[in-house]
Amino acid sequence: MDHVYVCKNGDSKAWYKKPGHFKGTLDAFVKIIRIEGIKSLWSGLPPTLIMAIPTTAIYFTCYDQLCEALKSRPGKHDEHIPVIAGSLSRFGSATVVSPLELIKTQMQCRRSSYKQLYLRVSTKVTVDGWLSLWQGWASTILRDVPFSAMYWYNYERFKKMMCKEVGAHEPTFFVSFTSGAASGSIAAVVTQPFDVVKTHRQTQLWENETLKIPQRDSKSTWAVMRKIAARNGITGLFAGITPRLFKVAPACAIMISTYEYGKSFFSHLNEKKNQHP
């Protein structure tokens, strides 16, 4: 789904950007498999897996620690805690893995060997410095921080509502799964324009490198949004929303339900060990 999404909202001049080539997500699946092969759907998988480990570790650890710290402070409203903790933890994790996000987008946008990828990255670093690896960082933060704030706020509310509805003292796997899918979907729709901008900027960077086009002054996120809206209308800012929802909803559901189940399991295990040392 991630590869289909990049193909649908990137700004590359590849075959899949020609007018009328994609009529929908299913059509994109069929045509990408037919022309690039089924393996291309997993383009960018290695950096995605490498990203997942530090991102998840930093994100969830920071979120839990910040929640505990904020709850211990007097005069704080509990409903604001998920928003603050989620925003700060996502800011840190997104900043750390931003270079890997750039490499992943490049691998999904243009098929190339690891040697070719390494040469392009090293050339980019030599010419523009290490900070060039954080190209698209601002739009990533504008996407991920609001996403995280909305996700955790809605997740905690949905979780409490569903626990009260089923009469559970702690969230079951079903409660966590459903709450995660619903809150992830809401956050994905609201932050989609920023994801389109992020993908646009990162794919444009590599397109300029490939065609040897001189890099112009970097446009602001809002300027890129206006450009996309002027060219494709408001709907252009929501390009690729269907594959993103197909990716985000189950990903959020699986991630949070597994995390909650793991927390509950080890918490009960520690309680038993303390009762029977």
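Residues numbered from 1 in each chain as written. Predicted model: local features only at pLDDT ≥ 70, side-chain atom pairs only at ≥ 80, totals over all residues. Heavy atoms only, no water.

**Section: the overall build of the chain**
Scanning the chain from terminus to terminus reveals nine helices and zero strands. The order of α-helices and β-strands along the chain, N terminus first, is α-α-α-α-α-α-α-α-α. Taking all 277 residues of the chain together, 43% fall into the buried category. Residue pairs in contact within the chain that sit at least 24 positions apart in sequence constitute 76% of those at least 6 positions apart. A total accessible area of about 15,400 Å² is found for the chain, and carbon and sulfur atoms account for 65% of it. (Helix = DSSP H or I, 4+ residues; strand = E, 2+ residues; numbered from the N terminus. Buried < 20%, exposed > 50% of the residue type's maximum accessible area, 1.4 Å probe, protein only. Contact = heavy atoms within 4.5 Å. Areas by Shrake-Rupley, 256 points an atom, 1.4 Å probe, with all protein chains shown as cover.)

**Topic: the packing of aromatic side chains**
Enumeration over the complete set of coordinates arrives at 13 aromatic pairs. With centroids separated by 3.8 Å and ring planes inclined at 15 degrees, the aromatic side chains of Tyr63 and Trp152 adopt a geometry described as stacked. One end of the pair, Tyr63, is in helix H3 (residues 45–71); the other, Trp152, is in helix H6 (residues 137–166), and 89 residues separate them in sequence. Judged by its relative accessible area of 3%, Tyr63 is buried. Residue classification places Trp152 among the buried residues on the basis of a relative accessible area of 2%. (Phe/Tyr/Trp six-rings, centres within 6.5 Å; stacked < 30°, edge-to-face > 60°.)

**Comments concerning the nonpolar core**
Counting residues in hydrophobic clusters, the biggest one holds 16 residues, and the most contacted among them are Phe147, Tyr151, Trp152 and Ile256. Only H3, helix H4 (81–109), H6, helix H7 (173–211) and helix H9 (241–275) provide two or more residues apiece to this core. Here this core gets five residues from one element, more than from any other, and that element is H3. With residues up to four places along the chain from it excluded, the contact list for Ile256 reads Phe60, Tyr151, Trp152, Tyr155, Ser176 and Gly180. Ranked by size, the runner-up nonpolar core spans seven residues in total, among them Phe194, Val224, Met225 and Leu237. (Core = buried A, V, L, I, M, F, W, Y, C linked by side-chain atoms within 4.5 Å.)

**Observations concerning the confidence of the model for the chain**
Note: predicted coordinates in regions of low pLDDT should not be interpreted at a detailed level. Overall, the prediction assigns the chain a mean pLDDT of 78, with 71% of residues at 70 or greater. Ranking the elements of the chain by mean pLDDT puts helix H1 (residues 2–9) last, at 50, and H6 first, at 90. Across residues 11–20 the pLDDT falls below 50, and counting only partners more than four positions away or on other chains, this stretch makes 24 contacts in the model. (pLDDT = per-residue confidence, 0-100.)

**Concerning the pattern of salt bridges**
Within this structure, the stated rule accounts for six salt bridges. Among the salt bridges present, the one from Glu260 reaches Lys159, with a minimum N-O distance of 3.3 Å. With a gap of 101 residues between them, Glu260 in helix H9 and Lys159 in helix H6 connect regions that are remote in the sequence. Residue classification places Glu260 among the buried positions, given a relative accessible area of 11%. The class of Lys159 is buried, set by a relative accessible area of 14%. (Salt bridge = Lys/Arg side-chain N within 4 Å of Asp/Glu carboxyl O.)

**Brief notes about a nonpolar patch on the surface**
On the surface, Phe173, Phe177, Ile254, Tyr261, Phe265, Phe266 and Leu269 cluster together to form a nonpolar patch covering roughly 710 Å² of accessible area. Of all the secondary-structure elements, those providing two or more residues to the nonpolar patch are H7 and H9. Checked against the element boundaries, Leu269 lands in helix H9. Judged by its relative accessible area of 31%, Leu269 is partly exposed. (Patch = residues over 30% accessible without salt bridge, like charges linked within 9 Å, V, L, I, M, F, W, Y side chains within 5 Å.)

**Focus: helix H8 (residues 221–232)**
With twelve residues, H8 should reach 16 Å at 1.5 Å per residue; the first-to-last C-alpha distance of 16 Å fits that figure. For H8, the complete set of buried residues consists of Thr221, Val224, Met225 and Ile228. Along the long axis of H8, the arc covered by the buried residues comes to 100 degrees, so they all point the same way. With respect to the buried face of H8, the exposed residues turned more than 90 degrees away are Arg226 and Ala230. (Expected span 1.5 Å × (residues − 1). Arc of directions from axis to C-beta.)

**What to know about the packing of H6 against H9**
Viewed as axis vectors pointing N to C, H6 and H9 meet at an angle of 55 degrees, and their least axial separation amounts to 13 Å. It follows that H6 is oblique to H9 by the angle criterion. In the crossing of H6 with H9, the sense of the turn from one axis to the other is right-handed. Every residue of H9 that contacts H6 at Arg143, Phe147, Tyr151, Trp152, Tyr155 and Lys159 is listed here: Arg244, Val248, Cys252, Ile256 and Glu260. Residue composition of the contact of H6 with H9, by class: seven nonpolar, no polar and four charged. (Axes fitted to C-alpha atoms, helices over the stretch in contact; angles between N-to-C directions. Parallel < 35°, antiparallel > 145°, perpendicular 65-115°, else oblique. Left-handed = near helix turned anticlockwise from the far one by under 90°. Nonpolar A, V, L, I, M, F, W, Y, C, P; charged D, E, K, R; others polar.)

**Topic: the side chain of Glu156**
Residue position: Glu156 is located in helix H6. At 3.1 Å, the side chain of Glu156 forms a polar contact with the side chain of Tyr63. (Polar contact = N/O pair within 3.5 Å; in protein donor to acceptor, adjacent residues only side chain to side chain.)

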